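Listed below, chain by chain, are the residues.
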Amino acid sequence: LNLYHKVLNCEYGKNTIKFLRLHREGKKHFVKEVEVCTHLRLTSCHEYLDGNNSAVIPTDTIKNIVLVLAKKNGIATLEQFAIDICQHFMTTFCQVAYVKTYVQEVPWQRLHENGIPHIHSFICVPNGIRFCEAEQCRNGPLIVFAGIKDLKLMKTTQSGFEGFYKNEHTTLPERNDRILCGELFCKWSYGECKDFDFDCIWNKIRECILEAFAGPPDCGEYSPSYQKTVNSIQMHILSKVQVIEVVLNNTFYNVVDMKNLGLTNDKEVSKCSKHNLPGLSLKILSLKA
């Protein structure tokens, strides 16, 4: 019996390169703390098939290159830093056939005291983690993605779930007033690398997410389902990007029955239960020019 084996993928690289980049402008300081993962695929597979390491760029070298680029170029935006990493490996090493790098940022924000920004003190605020990816094949375009993850959102009313399919296995009651809570993951593509204002676009998309989830500040907006909320978020921001993916991992809050304790609980205390369910995801391709 003759067996034919083919190597489909032999990527390798360095994960979790964590560092802080401090930039000083006189007495005022600026920080960027990031985590970088960079993977390469070489033009040959000799290191896998023959144990020949002559073309292999050590992962320690990959880490050092990332640190040197941060030192020399700074980190103007996460996206530009990811682009710098990809372009360095493509232009420096002829044996690299493909490079992909992922960068995520620790959400440090400048401290304010009585409305006055502090010159060198920061606080880590968990209001969503910014990340990006860049990838390029040799002789191919450099593609850039960006996104936000671990953004926890809640609204305590203006949400329900009614009219769903029922059969003999259905025990879930219909509700027209519930707490809507979830942890959001959002990712979009810039397509081929162009001259974008990455900071402006990222901030605008984050604003769109919050607006679509919450609705107007004085009255909100009713959500008939998680699915409809995910779609509303995507449709609100599709004009900004080519492709958008949104995942809202739902967290349920069920009102605790306190009758046995002699109390009436008018939706004031709810038990949190995180269900191990896949998030709601939809990818849409914008048809706008």
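Residues numbered from 1 in each chain as written. Predicted model: local features only at pLDDT ≥ 70, side-chain atom pairs only at ≥ 80, totals over all residues. Heavy atoms only, no water.

- Per an unreviewed UniProt entry, the chain is named Uricase, and its organism is Strigops habroptila.
- Quoted straight from UniProt, the Catalytic activity (unreviewed entry) entry for the chain says "urate + O2 + H2O = 5-hydroxyisourate + H2O2".
- Recorded in UniProt under Subcellular location (unreviewed entry), the annotation for the chain is "Peroxisome". (UniProt positions renumbered as here; feature names shortened; annotations may be inferred.)

### Section: the UniProt feature "binding site: 5-hydroxyisourate" (unreviewed entry) in the chain
Item 1. The residues that UniProt annotates with the feature "binding site: 5-hydroxyisourate" (unreviewed entry) are D60, F161, R178, Q227 and N250. The greatest C-alpha distance among the annotated residues, which extend across 191 residues, is 51.8 Å, indicating that they are dispersed rather than converging on a single site.
Item 2. As for its placement among the helices and strands, R178 is situated in the loop between strand 7 (142-155) and strand 8 (180-192).
Item 3. Filtering out sequence-adjacent residues up to four positions away, R178 remains in contact with K155, T156, T157, S159, G160, F161, S225, Y226 and F252.
Item 4. By the element assignment, N250 lies in strand 9 (residues 243-255). (Helix = DSSP H or I, 4+ residues; strand = E, 2+ residues; numbered from the N terminus. Contact = heavy atoms within 4.5 Å.)

### What about the packing of aromatic side chains?
Item 1. For the structure on display, the rule yields eight aromatic pairs.
Item 2. Pairing F131 with F185 gives two aromatic rings, centres 5.5 Å apart and planes at 20°, and the pair type is stacked. Here F185 lies in strand 8 and F131 lies in strand 6 (residues 129-137), a separation of 54 residues in the sequence.
Item 3. Residues Y190 and F198 carry aromatic rings whose centres are separated by 5.1 Å and whose planes lie at 80° to one another, so their mutual orientation is edge-to-face. For the pair formed by Y190 and F198, the shared burial category is buried.
Item 4. Connected via pairs of aromatic rings, a cluster forms that spans Y102, F131 and F185.
Item 5. A cation over a ring is seen here: K155 above F213, with NZ or CZ 5.7 Å from the ring centre.
Item 6. We note K166 situated over the ring of F164; from NZ or CZ to the ring centre the distance is 4.6 Å. (Phe/Tyr/Trp six-rings, centres within 6.5 Å; stacked < 30°, edge-to-face > 60°. Buried < 20%, exposed > 50% of the residue type's maximum accessible area, 1.4 Å probe, protein only. Lys NZ or Arg CZ within 6 Å of the ring centre and 35° of its normal.)

### Topic: a nonpolar patch on the surface
Item 1. A cluster of nonpolar side chains, contributed by V7, Y48 and L49, occupies part of the molecular surface with about 300 Å² of accessible area.
Item 2. Within the element layout of this structure, V7 appears in the segment before strand 1 (12-25).
Item 3. Taking the relative accessible area as the measure of exposure, V7 reaches 36% and is therefore partly exposed. (Patch = residues over 30% accessible without salt bridge, like charges linked within 9 Å, V, L, I, M, F, W, Y side chains within 5 Å. Areas by Shrake-Rupley, 256 points an atom, 1.4 Å probe, with all protein chains shown as cover. Salt bridge = Lys/Arg side-chain N within 4 Å of Asp/Glu carboxyl O.)

### Here we look at helix 3 (residues 78-92)
Item 1. In a regular helix each residue adds 1.5 Å, so 15 residues correspond to 21 Å; helix 3 covers 21 Å between its end C-alpha atoms and thus fits that length.
Item 2. Taken residue by residue, helix 3 has L78, E79, F81, A82, I83, D84, I85, C86, F89 and M90 as its buried positions. (Expected span 1.5 Å × (residues − 1).)

### Concerning the packing of helix 2 (residues 59-73) against helix 3
Item 1. Orientation of helix 2 relative to helix 3, taken along the N-to-C sense of each, is 125°, at an axis distance of 10 Å. Considering the angle they form, helix 2 stands oblique to helix 3. Note that helix 2 runs across helix 3; the crossing there is right-handed. Facing I62, I65, V66, L69, A70 and N73 of helix 2, the residues of helix 3 in contact are F81, D84, I85, H88 and F89.
Item 2. A class-by-class count of the residues in the contact of helix 2 with helix 3 yields eight nonpolar, two polar and one charged. (Axes fitted to C-alpha atoms, helices over the stretch in contact; angles between N-to-C directions. Parallel < 35°, antiparallel > 145°, perpendicular 65-115°, else oblique. Left-handed = near helix turned anticlockwise from the far one by under 90°. Nonpolar A, V, L, I, M, F, W, Y, C, P; charged D, E, K, R; others polar.)

### Some thoughts on the domain arrangement of the chain
Item 1. Here the domain parsing of the chain yields domain 1 (9-140) and domain 2 (152-164 + 175-288).
Item 2. Measuring from the centre of the C-alpha atoms in domain 1 to the corresponding centre in domain 2 gives 30 Å.
Item 3. Taken together, the contact pairs nine residues of domain 1 with nine residues of domain 2.
Item 4. For the domain 1 and domain 2 pair, buried surface summed over both sides reaches about 840 Å², with 59% attributable to carbon and sulfur atoms.
Item 5. On the surface where domain 1 and domain 2 come into contact, there are two salt bridges.
Item 6. Residues D199 and R130 are paired through a salt bridge, measuring 2.9 Å at the closest nitrogen-oxygen approach. (Domains from an automatic or database assignment. Buried area = accessible area lost by both parts, 1.4 Å probe.)

### What to know about the pairing of strand 4 (residues 108-113)
Item 1. Sheet topology note: the strand 4/strand 5 (residues 116-124) ladder contains five bridges and is antiparallel. If you follow R110 over to strand 5, its bridge partner there is F122.
Item 2. Here strand 4 hands over to strand 5 after two residues, with N114 in that stretch at a positive phi of 55°. (Pairing = 2+ DSSP bridges.)

### Here's the deal with the nonpolar core
Item 1. Residues F19, V36, F81, L184, C186, W188 and I209 are the most contacted members of the largest nonpolar core, which totals 57 residues.
Item 2. When residues of this core are assigned to domains, at least three fall in each of domain 1 (9-140) and domain 2 (152-164 + 175-288). (Core = buried A, V, L, I, M, F, W, Y, C linked by side-chain atoms within 4.5 Å.)

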